[in-house]
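# An overview of the molecular structure
Each chain, letter by letter, is given below.
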Amino acid sequence: MTGLEAPDAELKKELDATLHARKELGEEYESALVDSFLEKVEQRLDGAVDRRVRRHLAEQQMVVARGSRAPQGSSDSFGERFGFGIVSLVLAVPLSAIGGGVADLPGLLVAWAGIVGVNVAQTARNSPYLFGRRRKSSQDSEWED
């Protein structure tokens, strides 16, 4: 069972309750209800990411404790990439709402350009061969072309 399978039934109940409350309270409370539900989803995702990152770190510590090999750099770890992607998507919702609400389509485009830019920068930092550059290894010589 992964981190999001068990809470799915609970989140479905939360969504049903939110929709029922919206029917009873009317459209004027819709944004507050949606914000509340999204906050619960964000908490679930954060919990799942935290569990995965802790599990990955524990596995790395086990490898180091056994003395086999040192773990790869934390910037290349799956947990960091996954966590960054989840956080990026979770933050995209309010940023899109703010950008679209304040400046309509241009604001939405600026918000998403920023989101894409941050993700491209993170990918470029973690992928040395992606944009034609590569990290120096200990075998590289400064005398070679």
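Refer to the structure printed above.
Residues numbered from 1 in each chain as written. Predicted model: local features only at pLDDT ≥ 70, side-chain atom pairs only at ≥ 80, totals over all residues. Heavy atoms only, no water.

## Digging into a nonpolar patch on the surface
Side chains of Val-34, Leu-38 and Val-93 sit close together on the surface and give an oily, nonpolar patch of about 210 Å² of accessible area. In this structure Val-93 comes out as partly exposed when scored by relative accessible area, which is 42%. (Patch = residues over 30% accessible without salt bridge, like charges linked within 9 Å, V, L, I, M, F, W, Y side chains within 5 Å. Areas by Shrake-Rupley, 256 points an atom, 1.4 Å probe, with all protein chains shown as cover. Salt bridge = Lys/Arg side-chain N within 4 Å of Asp/Glu carboxyl O. Buried < 20%, exposed > 50% of the residue type's maximum accessible area, 1.4 Å probe, protein only.)

## Considerations on the packing of aromatic side chains
Counted by the stated rule, this structure contains zero aromatic pairs. One Lys or Arg, Arg-52, reaches over the ring of Phe-82 and ends 4.8 Å from the middle of that ring. (Phe/Tyr/Trp six-rings, centres within 6.5 Å; stacked < 30°, edge-to-face > 60°. Lys NZ or Arg CZ within 6 Å of the ring centre and 35° of its normal.)

## Brief notes about the pattern of salt bridges
As enumerated under the stated definition, the model contains six salt bridges in all. Lys-12 is paired through a salt bridge with Asp-16; the nearest N and O atoms lie 3.6 Å apart. Note that Lys-12 and Asp-16 are positioned in helix 1 (residues 7-25) at a spacing of four residues, about one turn of the helix. What makes Lys-12 exposed here is its relative accessible area of 52%. Between Arg-22 and Glu-30 there is a salt bridge, with the nearest N and O atoms lying 3.1 Å from each other. Taking relative accessible area as the criterion, Arg-22 reaches 27% and is therefore assigned partly exposed. Owing to a relative accessible area of 33%, Glu-30 belongs among the partly exposed residues under this scheme. Several salt bridges converge on common partners, so that one network encompasses Arg-22, Glu-27 and Glu-30. (Helix = DSSP H or I, 4+ residues; strand = E, 2+ residues; numbered from the N terminus.)

## A word on the environment of Val-53
Secondary-structure assignment places Val-53 in helix 2 (residues 30-66). Once the C-alpha coordinates of Val-53 and Glu-80 are considered, the two residues, 27 residues apart in sequence, prove to be 7.5 Å apart.

## Observations regarding the side chain of Thr-18
Here Thr-18 lies in helix 1. Assessed through its relative accessible area of 15%, Thr-18 is described here as buried. Once residues lying within four places of it in the same chain are set aside, the contact partners of Thr-18 are Leu-33 and Phe-37. (Contact = heavy atoms within 4.5 Å.)

## Thoughts on the layout of surface pockets
Computed from the structure, the largest pocket encloses a volume of approximately 260 Å³. Lining the largest pocket, in full, are Asp-35, Leu-38, Glu-39, Val-41, Glu-42, Leu-45, Leu-89, Val-90, Leu-91, Val-93, Pro-94 and Ala-97. Elements supplying a minimum of two residues to the lining of the largest pocket: helix 2 and helix 3 (78-126). Considering only residue class, the lining of the largest pocket consists of nine nonpolar, no polar and three charged. (1 Å grid on protein atoms, 1.4 Å probe; cavity = no way out; pocket = protein on both sides within 12 Å on 5 of 7 lines; lining within 4 Å. Points joined across faces, edges and corners; volume = space filled by probe spheres on them. Nonpolar A, V, L, I, M, F, W, Y, C, P; charged D, E, K, R; others polar.)

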